[in-house]
Amino acid sequence: MIAAKHTNSFVAVCSGSGSGLEVVAIACRQGLLNYKLTGIVTDRACGAVQLGDRLGVPVTTVNHASYLSRRDFDIALKRAVLSYSPNILLLYFDRLVDISLIEAMNGQVINTHYSLLPAFPGLKAISKAVKSGCCFSGVTLHYVDRGIDSGTILGQAVCPISSSESNEVVGKRLFEASLPLTFAVLRALPHSSAEKGEWFQVSDGSNCLCSLPIPEDIRSFLVSFMNKHKNNRKENE
């Protein structure tokens, strides 16, 4: 059965905790983003499954280990995504997406990559950037095409990094930088393009630069959300 299509509906395909998706989904429910999360598809048992339960969003798990071939897995993944009839597909996914799914979505598949593309495409981008001695790295949101992280860039956030920092420290900084970037891109679609950039600060005090304007209501929401998240973490320690 195919679900009814909602205006600006989106589905997320996840392989991990779904932390970034959670922030986006909560913002949508508060009316900060004009989108509705209609489903979550995962390729394994992971935190995104529990996230769907907490949010009351249906979850479909297409376990990659259950398929004898990659083609069979790709077919099942496509079927699961399209069953929710989304307008946009957001990837929090550590696998390449088959071109047939991209075409079925009319190219409206968006990935978050933890580097300043075209630098360091593919896996282990954070490690590659740290080892390279770069003074800056960042986050890129881009459309997905046939290549590896080669689609049209929708927006980027630039962050300072150091080769003396661990991948975990840099990864946390980039994750936090990805949030205002994601919101700015989703607000701007379908006309996302580089405008006057805006500075913002993440929790470790690093100043980062977003290639798109960050609306004030989004800034306020993210500050409140991150402070609440930090306080909850302290209570659980």
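Residue positions are given per chain, counting from 1 as you read along its sequence in written order. pLDDT decides what is reported in this predicted model: residues at 70 or higher carry local features, side-chain atom pairs at 80 or more are listed and counted, and totals for whole chains, interfaces and linings draw on all residues regardless. Values shown for side chains rest on all heavy atoms present in the structure; no hydrogens or waters enter the calculation.

A. Quick look at the overall build of the protein chain. Secondary structure elements follow DSSP: runs of H or I of four or more residues count as helices, runs of E of two or more count as strands, with numbering from the N terminus. The number of helices and strands found in the protein chain is seven helices and nine strands. Relative to the 2.2 N^0.38 estimate, which gives 18 Å for 237 residues, the radius of gyration of the protein chain is 17 Å and therefore close to what a compact globule would have. Considered along the principal axes of its C-alpha atoms, the protein chain spans approximately 50 × 40 × 35 Å. Each residue's exposure class comes from its accessible area (1.4 Å probe, protein chains only) as a fraction of the maximum for that residue type: buried when under 20%, exposed when over 50%, partly exposed otherwise. Counting the 237 residues in the protein chain, one finds 44% classified as buried. The long-range share in the protein chain, meaning contacts at least 24 apart out of those at least 6 apart in sequence, stands at 61%. Exposure was quantified through the Shrake-Rupley algorithm and a 1.4 Å probe, taking into account, for residues, occlusion by the shown protein chains and nothing else. Of the roughly 11,900 Å² that the protein chain leaves accessible, carbon and sulfur atoms contribute 53%. We count Lys and Arg on the positive side and Asp and Glu on the negative side, and we leave His and both chain ends out. A single reference atom marks each charge: NZ on Lys, CZ on Arg, CG on Asp, CD on Glu. Counting 23 positive and 20 negative side-chain charges, the protein chain places the centres of these two groups 2 Å from one another. Our radius of gyration is a C-alpha quantity, and the globule rule it is checked against amounts to 2.2 Å times the number of residues to the power 0.38. Whether two residues touch is decided by their heavy atoms; if any such pair falls within 4.5 Å, the residues are in contact.

B. Spatial organisation of the pairing of strand S1 (residues 9-14). Extensive coverage of S1 is indicated by the burial of six of its six residues. Residues Ser-9, Val-11 and Val-13 of S1 are buried on one face, and the alternating residues Phe-10, Ala-12 and Cys-14, pointing to the opposite face, are buried as well. Two strands pair when backbone bridges link them, and S1 and strand S2 (residues 36-42) are joined in this way by six bridges, in the parallel orientation. Counted as the bridge partner of Ser-9 is Lys-36 from S2. If you view a crossover with the strands going away from you and the path from the first strand over the helix to the second runs clockwise, you call it right-handed. Once you follow S1 into helix H1 (residues 19-29) and on to S2, the crossover reads as right-handed. Note that S1 and strand S4 (residues 88-92) share five bridges and pair parallel. Within S4, the residue paired with Cys-14 across the bridge is Tyr-92. Strand pairing is assigned whenever DSSP detects at least two bridges linking the two strands.

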